[in-house]
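# Observations on chain architecture
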Amino acid sequence: MKRAFTLMAIFAVTTVDRTTSSASGPEPRSQPITAVLREPLPPERLQLSSESHEIVIQGPSFRYALDKASGIIVALQVEREGHPVLRLVEPARLVIGPYSLDTKHARGSTAITSQSDARIVLKTEGTLKSSLPGDLDLPFTVVSNFFNDGVVVAEWTLRPAKDLALRELRHEVVASGPFRHYLHKTRDRDGFDAPWGSLPKPGGRVGFSTRTSCLQVFGPRAGLALFTDRGATHASGGGETALVAVKSLGDDLATVSLAQYLVRDAESGPGLVLKANTPFTFRAGVSVVPNRLPHPRQRDLRMFTWVGDEKHPYPSDKEIHDAAQLGFTLFQMHRLGTPGEPRPPAGELNRVIDTVHRAGMLFLWTANADLMYACAPRVREMQAQGKWRLWQGFNYGGRYTAPMDRYCDLLATCLASPNGLADYRIQCDANMMDRYQVDGMYIDDNLAYANCTLAKEHHHPEQRYDCLIELHEMNWRRRQLLRARCPHTVLVDHCTTAMVLPVICDFDAHLYGEGYSFSAAETYWAQFGWIRSMHAQGFIWPGDDEPQRCATQIAYNYDLLTGGGQYTYLD
Ligand SMILES: [Zn+2]
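Residues numbered from 1 in each chain as written. Predicted model: local features only at pLDDT ≥ 70, side-chain atom pairs only at ≥ 80, totals over all residues. Heavy atoms only, no water.

A word on the overall build of the chain. The number of helices and strands found in the chain is 10 helices and 34 strands. Relative to the compact-globule value of 25 Å for 571 residues, the chain shows a C-alpha radius of gyration of 25 Å, a close match. Along the first, second and third principal axes, the C-alpha set of the chain runs to 80 × 80 × 45 Å. When the 571 residues of the chain are sorted by exposure, 56% land in the buried category. Counted over contacts in the chain with a minimum sequence separation of 6, partners at least 24 positions apart contribute 73%. Summed over all atoms, the accessible surface of the chain reaches about 24,100 Å², with 52% contributed by carbon and sulfur. Separation of charge centres in the chain, based on 60 positive and 63 negative side chains, amounts to 3 Å. (Helix = DSSP H or I, 4+ residues; strand = E, 2+ residues; numbered from the N terminus. Rg over C-alpha atoms; globule rule 2.2 N^0.38 Å. Buried < 20%, exposed > 50% of the residue type's maximum accessible area, 1.4 Å probe, protein only. Contact = heavy atoms within 4.5 Å. Areas by Shrake-Rupley, 256 points an atom, 1.4 Å probe, with all protein chains shown as cover. Lys, Arg positive; Asp, Glu negative; His and termini not counted. Charge placed at Lys NZ, Arg CZ, Asp CG, Glu CD.)

Following the criterion strictly, the structure yields 6 cavities of 30 Å³ or more and no others. Of the pockets and cavities examined, the largest cavity occupies roughly 150 Å³. (1 Å grid on protein atoms, 1.4 Å probe; cavity = no way out; pocket = protein on both sides within 12 Å on 5 of 7 lines; lining within 4 Å. Points joined across faces, edges and corners; volume = space filled by probe spheres on them.)

Quick look at the pattern of salt bridges now. Under the criterion given, the structure shown has 33 salt bridges. The salt bridge partner of Glu 172 is Arg 170, with a shortest N-O separation of 2.2 Å. No difference in accessibility class separates Glu 172 from Arg 170, as the two residues are buried. Note that Arg 230 and Glu 462 form a salt bridge whose closest N and O atoms lie 2.8 Å from each other. With Arg 230 in the loop between strand S18 (223–228) and strand S19 (234–235) and Glu 462 in the loop between strand S30 (440–444) and helix H7 (468–485), the pair connects residues that are 232 residues apart, well separated along the chain. A single burial state applies to Arg 230 and to Glu 462, both of which are buried. Taken together, the shared-partner salt bridges in this structure form one network comprising Glu 44, Arg 292, Arg 479, Arg 483 and Asp 508. (Salt bridge = Lys/Arg side-chain N within 4 Å of Asp/Glu carboxyl O.)

Below, the discussion takes up helix H4 (residues 348–358). Of all the positions in H4, only Leu 349, Val 352, Ile 353, Thr 355 and Val 356 are classed as buried. Relative to the axis of H4, the buried residues are bounded by an arc of 160 degrees and lie together on one face. Elements in contact with the buried residues of H4: helix H3 (317–325), strand S25 (330–333) and strand S26 (362–368). With its phi angle positive at about 90 degrees, Gly 360 sits one or two positions after the end of H4. (Arc of directions from axis to C-beta.)

We now examine the pairing of strand S21 (residues 254–264). Taking burial as the measure, the 11 residues of S21 include 10 buried ones, the bulk of the element. Examined bridge by bridge, strand S13 (residues 168–177) and S21 share 10 bridges and lie antiparallel to one another. Following the sheet pairing, Ala 175 is matched in S21 by Val 256. Bridging between S19 and S21 involves 2 bridges; their strand directions are parallel. Looking across to S21, one finds that Ala 235 is bridged to Arg 264. (Pairing = 2+ DSSP bridges.)

Another point: the coordination of the zinc ion. Donor atoms from the polypeptide that bind the zinc ion are Cys 414 (SG), Cys 452 (SG), His 458 (ND1) and His 460 (NE2), placed at 2.0 to 2.3 Å. The sequence pattern describing where the donors of the zinc ion fall on their chain is C-x37-C-x5-H-x1-H. One end of the pair, Cys 414, is in the loop between strand S29 (405–412) and helix H6 (421–435); the other, Cys 452, is in the loop between S30 and H7, with 38 residues separating them in the sequence. Using a relative accessible area of 8% as the deciding quantity, one classes Cys 452 as buried. (Donors = N, O, S within 2.8 Å, 3.2 Å for Na, K, Ca; no water.)

We now examine the sheet that holds strand S28 (residues 399–402). Think of a sheet as strands paired side by side through backbone hydrogen bonds, with each pair either parallel or antiparallel. The 3 strands are arranged S27-S29-S28 in an open sheet whose pairing can be described as antiparallel. If you trace the sheet from one side to the other, it starts and ends with strand S27 (371–373) and S28, each paired once. Sheet twist, expressed as the average angle between the axes of neighbouring strands with direction ignored, equals 30 degrees. One ladder, built from 4 bridges, connects S28 with S29; its direction is antiparallel. Pairing of Tyr 400 across the sheet is with Leu 410, part of S29. (Axes fitted to C-alpha atoms, helices over the stretch in contact; angles between N-to-C directions.)

Strand order in the open sheet formed by 8 strands is S33-S32-S31-S30-S26-S25-S24-S34, and the pairing between neighbours is parallel. What marks the edges here is a single partner per strand, and that holds for strand S33 (537–539) and strand S34 (569–570). With 4 bridges connecting them, S25 and S26 associate as parallel partners. Paired with Gln 332 across the strands is Leu 364, a residue of S26. Set on the sheet, H4 makes contact with S25 and S26; between it and S26 the angle comes to about 130 degrees.

A few words on the layout of surface pockets. Computed from the structure, the second largest pocket encloses a volume of approximately 420 Å³. Every residue lining the second largest pocket is counted, 30 residues in all, and those nearest its centre are Ser 417, Pro 418, Ala 422, Glu 470 and Glu 473. Counting residues per element, the ones that place at least two in the lining of the second largest pocket are strand S10 (138–147), strand S11 (151–158), H6 and H7. Considering each element in turn, the lining of the second largest pocket owes the most residues, 8 residues, to H7. Summarising the domain contributions, the lining of the second largest pocket has at least three residues from each of domain 1 (47–289) and domain 2 (302–511). (Domains from an automatic or database assignment.)

Further remarks concern the nonpolar core. Counting 77 residues, the largest nonpolar core has Phe 331 and Phe 363 as its most contacted members. With 6 residues, the single largest contributor to this core is H7. Taken together, domain 1 (47–289) and domain 2 (302–511) each give at least three residues to this core, which thus spans both. Ignoring sequence-local partners within four residues, the contact set of Phe 363 consists of Phe 331, Met 333, Leu 336, Leu 349, Val 352, Ile 353, Val 356, His 357, Val 438, Asp 439 and Gly 440. (Core = buried A, V, L, I, M, F, W, Y, C linked by side-chain atoms within 4.5 Å.)

Here we come to the packing of H6 against H7. At their nearest, the axes of H6 and H7 sit 10 Å apart, and the two run at 20 degrees to each other. Compared by their axis directions, H6 and H7 come out roughly parallel. Of the two elements, H6 crosses H7, and the hand of that crossing is right-handed. Of the residues in H7, those in contact with Ala 422, Asp 423, Arg 425, Ile 426, Asp 429, Ala 430, Met 433 and Asp 434 of H6 are Met 474, Arg 477, Arg 478, Leu 481, Leu 482 and Arg 485. Among the residues forming the contact of H6 with H7, the class breakdown is 7 nonpolar, no polar and 7 charged. (Parallel < 35°, antiparallel > 145°, perpendicular 65-115°, else oblique. Left-handed = near helix turned anticlockwise from the far one by under 90°. Nonpolar A, V, L, I, M, F, W, Y, C, P; charged D, E, K, R; others polar.)

Any functional reading would require information that these geometric values do not contain.
Rendered as structure tokens:
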């Protein structure tokens with residue numbers, strides 16, 4: 001009986017396969033990896049449709065619906081391999097004291113401000129009715145930015161007609177999906193040590209009373225994050241300002257509520273007083289994965305990092321061929337200079353890129369999320385004009401140098417400086433793509449840093465601010481530019497242990513840690529393995545001889561235990 005069933009099954013599969021083949025063209029043929037690496041990325045387009053009460057925005061794997069009267073997201077569905085995997089159980093909620101952003105209490109209208117394949121901006125203006133009799137209506141505006149990477153950033157402005165004491169300002173969603181863990185990042189830390197763990201049992205909750213920046217739930221198949229720029233801007237001591245509550249939890253499906261508080265005070269507390277006729281602004285966002293479609297090369301991304309030094313600024317052809325023969329497919333040059341402005345002797349770069357391509361690999365140029373070469377033309381100009389404070393950052397005490405390489409002299413910048421810095425970074429990347437056959441970039445130290453002390457000069461929303469929203473937008477802008485110039489582009493980040501969704505979702509591969517040890521395979525899967533949810537590849541790097549670093553053999557073992565192809569190495 002069993003044998004007959006097996007034969008039947010084989011017959012059925014064969015028939016289906018033949019039918020499919022004849023309907024869709026010739027038999028599939030295997031491709032060499034050099035060709036697969038260069039297959040264009042799947043489309044990452046947004047489409048908009050306007051319905052009677054909602055605007056629907058469809059991305060490559062997600063669909064948002066925004067209510068025209070309130071500007072709130074009323075529906076969200078995410079698909080994986082063509083099947084729904086994550087959804088909002090009810091409309092998102094924004095509670096502003098006695099005012100609530102919902103279809104019952106909001107009277108507004110929405111206009112399309114701008115629309116492209118990569119970003120759609122909607123503006124909703126209206127008034128909110130209070131649940132308390134006698135309160136004046138509250139005028140509001142929200143500008144909602146939908147990005148093609150699954151991120152939405154909503155910029156809210158409230159304009160009370162008379163002083164308004166708020167004791168609660170809360171953004172909350174209830175969603176179901178294959179979530180297993182949570183993570184919470186604050187706006188006064190970079191996320192390296194963000195607390196995370198397994199979801200509690202149904203009915204259980206995990207609360208935080210810190211300055212909430214990003215609260216997320218995730219698993220190997222999907223993830224969801226809420227984030228804000230002004231978390232706990234007014235909070236009475238000890239009150240929870242971020243909360244994950246588990247409503248149900250099955251083998252493969254959890255229903256959770258995620259809430260972030262910008263304001264939380266006791267009933268008897270003074271609250272945060274919004275001044276009459278003075279705008280009060282804040283941003284609140286959502287990020288989901290999978291946020292794109294898978295690329296067949298995903299597991300074949302294997303990165304070799306070439307650093308060099310002052311005496312050897314460029315690799316020899318032999319070094320490049322050796323890396324290719326070891327099976328690496330991405331050749332990253334780590335200290336090459338400002339994108340588009342290679343270090344001397346610059347004439348060497350075309351030879352290097354040519355050899356990398358002839359060896360079948362792709363070429364990646366390294367830039368830091370925040371550091372910039374001291375010799376970059378615009379950096380020099382800002383310093384000469386006495387304007388450096390407008391861009392100044394504070395990592396590595398403001399300056400990073402490498403003793404064996406004097407060219408490696410970089411200055412820290414603030415990720416969220418609005419003073420033309422992001423445009424300059426993009427201009428450098430555009431120069432790089434104009435001048436060289438670069439296939440992608442490696443972005444070092446991709447963390448939402450929280451150490452800027454120039455909040456006023458940089459117009460930060462809070463004194464302690466992690467620049468998360470600006471860092472996301474920079475990463476998103478870079479991805480759009482590189483995709484347009486190189487359809488098969490590869491973006492890799494070094495996120496260390498800060499697995500914060502809106503920060504890392506624009507990359508195809510992630511280097512976690514820099515040779516830091518993993519405690520157990522289970523923890524590895526829980527903390528890092530979920531990058532599969534965004535169809536990304538992981539990289540594991542052996543460390544040096546510091547005790548907390550990971551030996552080469554351990555890195556190899558982890559790679560073999562957890563998927564393969566992640567082992568990365570440097571010269
Ligand atoms: Zn700053």
